[in-house]
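Summary of the model geometry
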Amino acid sequence: LLVDLATARTLAYYGALYAVVVGFAVWIYRDARSEGVRYPAVWALATLVFTIVPVVAYMLLKSRRGA
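Parameters and conventions
Counting of residues starts from 1 at the beginning of each chain's written sequence and follows it residue by residue. It should be noted that, the model being predicted, local features are given only for residues of pLDDT at least 70 and side-chain atom pairs only at 80 or more, the latter also being counted only at that level, while totals for whole chains, interfaces and linings use all residues. Based on all heavy atoms of the structure, the side-chain values leave hydrogens and waters out of the count. Here a salt bridge means any side-chain nitrogen of Lys or Arg lying within 4 Å of a carboxyl oxygen belonging to Asp or Glu. Each helix is a run of H or I in the DSSP string that is no shorter than four residues. Each strand is a run of E no shorter than two, and both are numbered from the N terminus. A simple rule labels every residue: compare its accessible area, found with a 1.4 Å probe on the protein chains alone, to the largest value its type can have, and call it buried under 20%, exposed over 50%, or partly exposed in between. Contacts between residues were defined by any pair of non-hydrogen atoms, one from each residue, lying within 4.5 Å.

Notes on the pattern of salt bridges
Oppositely charged side chains can pair when the atoms bearing their charge come close. According to the stated counting rule, one finds two salt bridges in the structure shown. In this structure, Lys62 engages Glu35 in a salt bridge whose closest nitrogen and oxygen atoms are separated by 3.9 Å. With Lys62 in helix 3 (residues 52–64) and Glu35 in helix 1 (residues 5–35), this residue pair connects regions lying 27 residues apart in the sequence. Its relative accessible area of 37% is what places Glu35 among the partly exposed residues. Residues joined in a network through salt bridges with shared partners are Asp31, Glu35 and Lys62.

This is the structure in structure tokens:
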């Protein structure tokens, strides 16, 4: 199976982007669970679906809780 360079670069780019989003979702889930935030799985799922908006919202919520 041969893939040209442009396709390989695109796959690597989107793969890395997906890995960062999944990493944020895992981090938010673990942090929300340890902090006692309600529905940590919903926060993680929202991060996977909507990417940056839940991350910003969670960080604002965390700062207001006095973390």
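From this point, the discussion proceeds with the structure in view.
Remarks on the side chain of Thr47
Note that Thr47 resides in helix 2 (residues 40–50). On the accessibility criterion, Thr47 (1% relative accessible area) is buried. Setting aside its immediate chain neighbours within four residues, Thr47 contacts Val21, Phe24, Ala25, Ile28, Pro54 and Val55.

Remarks on unusual backbone geometry
Positive phi outside glycine occurs at Tyr39, with the angle close to 60 degrees. By the element assignment, Tyr39 lies in the loop between helix 1 and helix 2. What makes Tyr39 exposed here is its relative accessible area of 54%. In the Ramachandran plot, Thr51 falls in the positive-phi region, its phi being about 50 degrees despite a non-glycine side chain.

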